[in-house]
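A structural walkthrough
Here are the chains, one letter per residue:
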Amino acid sequence: MWTDGACKGNPGRGGWGVLMRYGDHERELFGGEVLTTNNRMELTAVIEGLRVLTRPCTVTLHVDSQYVMNGVTRWIAGWKRNGWKTGAKQPVKNQDLWQELDAELARHQVSWTWVHGHRGDPGNERADQLANKGVPAA
């Protein structure tokens, strides 16, 4: 699975995209919001991709967002332990989406792969196109 988010202005109109592959099967998802942020769209892409899986799956998830990658691999356990507060005792930004993602992650076995965005990874490039397709018209 490859996911990406896009935002025209930050905050601004945003979109998210997901490319899923399993063997010869491929599925594309996208959507958007009128007023959002890039980080929210990056998170939403991952959530929506995992949400459509109807049974527990083993997923290799490719993201180009350091925010999502670090949030999942470094920060979320501490946030949960601290009642969704940062190390500075501030509320976690986008807590609603982090909690949704946490619930989806509990259903699946996910391995995370960070890819450099806009550097030619075909799955990432397609997810980016889908995210831009999801941005609502002005």
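Going by the structure above, here's the rest.
Attention in this report is confined to the structure presented alongside it. Worth saying up front: this structure is predicted, and the values here are computed from it rather than measured. (Residues numbered from 1 in each chain as written. Predicted model: local features only at pLDDT ≥ 70, side-chain atom pairs only at ≥ 80, totals over all residues. Heavy atoms only, no water.)

**Looking at the overall build of the protein chain**
Counted only if it meets this: Runs of H or I in DSSP of at least four residues are treated as helices and runs of E of at least two as strands, each being numbered from the N terminus. Burial here depends on accessible area, computed with a 1.4 Å probe over protein chains only, as a share of the maximum for the residue type. Under 20% is buried, over 50% is exposed, and the range in between is partly exposed. Here, residues are in contact when the closest pair of their heavy atoms is within 4.5 Å. Each accessible area is a Shrake-Rupley result for a 1.4 Å probe, and residues are judged covered by the shown protein chains and nothing else. For the charge count, each Lys or Arg is scored as positive and each Asp or Glu as negative, with His and the chain ends excluded. Taken as the charge centre is NZ of Lys, CZ of Arg, CG of Asp or CD of Glu, depending on the residue.
Of the regular secondary structure elements, the protein chain holds 4 helices and 5 strands. Seen in sequence order, the protein chain has helices and strands lined up from the N terminus as β-β-β-α-β-α-α-β-α. Taken over the C-alpha atoms alone, the protein chain extends approximately 45 × 35 × 25 Å along its principal axes. Out of the 138 residues belonging to the protein chain, those deemed buried represent 46%. For the protein chain, contacts bridging at least 24 residues in sequence account for 65% of all contacts bridging at least 6. Just so you have it, the protein chain exposes about 7,500 Å², and 50% of that area is on carbon and sulfur atoms. Across the protein chain, the mean location of the 17 positive side-chain charges is 6 Å away from that of the 15 negative side-chain charges.

**Observations concerning the side chain of Asp4**
Applicable threshold: The salt bridge definition used is simple: a Lys or Arg side-chain nitrogen within 4 Å of an Asp or Glu carboxyl oxygen.
Note on placement: Asp4 falls in strand E1 (residues 2–9). One buried charged side chain, Asp4, makes no salt bridge at all; its nearest oppositely charged neighbour is Lys8, positioned 9.6 Å away. Not counting the four nearest positions on each side in its chain, Asp4 is found in contact with Gly15, Trp16, Gly17, Met41, Glu42, Ala45, Asp64, Asn124, Ala127, Asp128 and Ala131.

**Structural notes on the nonpolar core**
Operational definition: The criterion is simple. A nonpolar core is a set of buried Ala, Val, Leu, Ile, Met, Phe, Trp, Tyr and Cys residues joined through side-chain atoms within 4.5 Å.
Core analysis: the largest hydrophobic core is formed by 29 residues, its most contacted members being Leu50, Trp98, Leu101 and Trp112. Of all elements in the fold, only strand E2 (12–22), helix H1 (38–51), strand E4 (58–63), helix H2 (66–81) and helix H3 (95–107) reach the threshold of two or more residues within this core. With sequence-adjacent residues up to four places away left out, Leu101 is seen in contact with Leu43, Val46, Ile47, Leu50 and Val72.

**A closer look at unusual backbone geometry**
Each neighbour pair has its own omega, and for Asn10 with Pro11 the value is 10°, a cis peptide bond. Checked against the element boundaries, Pro11 lands in the loop between E1 and E2. Unlike most non-glycine residues, Asn94 shows phi in positive territory, near 65°. With respect to the helices, strands and loops of the structure, Asn94 is situated in the loop between H2 and H3. Owing to a relative accessible area of 16%, Asn94 belongs among the buried residues under this scheme.

**A look at the packing of aromatic side chains**
Where we set the bar: Two rings belonging to Phe, Tyr or Trp (six-membered ring only in the last case) form a pair when the distance between their centres is within 6.5 Å. Interplanar angles under 30 degrees mark stacking, angles over 60 mark edge-to-face geometry, and anything in between is tilted.
Under the defined criterion, the tally for this structure stands at 4 aromatic pairs. Ring pairing ties together the aromatic residues Tyr67, Trp75, Trp79, Trp84 and Trp98, which thus form one cluster.

**Describing the pattern of salt bridges**
According to the stated counting rule, one finds 7 salt bridges in the structure shown. In this structure, the salt-bridge partner of Glu48 is Arg51, at a minimum N-O distance of 3.0 Å. Residue Glu48 and its partner Arg51 are located together in helix H1, separated by 3 residues, close to a single helical turn. Taking relative accessible area as the criterion, Arg51 reaches 35% and is therefore assigned partly exposed. Taking the shortest distance from any N to any O, the salt bridge between Glu100 and Arg51 comes out at 2.6 Å.

**A word on the layout of surface pockets**
The method is simple in principle: a probe with the dimensions of a water molecule rolls over the atoms, and the space it marks as empty is what remains. What counts, and what does not: Only protein atoms enter the 1 Å grid used here, on which a cavity is any set of points holding a 1.4 Å probe that cannot leave and a pocket is any open set flanked by protein within 12 Å on both sides along at least five of seven lines; residues with an atom within 4 Å of a point are listed as lining. Grid points are joined across faces, edges and corners, and a volume is the space filled by probe spheres set on the points. Each residue gets one of three labels, nonpolar for Ala, Val, Leu, Ile, Met, Phe, Trp, Tyr, Cys and Pro, charged for Asp, Glu, Lys and Arg, and polar for the others, Gly among them.
There is about 470 Å³ of room inside the largest pocket. For the largest pocket, the lining is made up of 18 residues, of which Met20, Arg21, Tyr22, Leu53 and Cys57 are closest to its centre. Looking at the lining of the largest pocket, the elements with two or more residues in it are E2, strand E3 (25–36) and E4. Here the lining of the largest pocket takes 4 residues from E4, the largest share from any one element. Class assignment of the residues belonging to the lining of the largest pocket gives a composition of 9 nonpolar, 5 polar and 4 charged.

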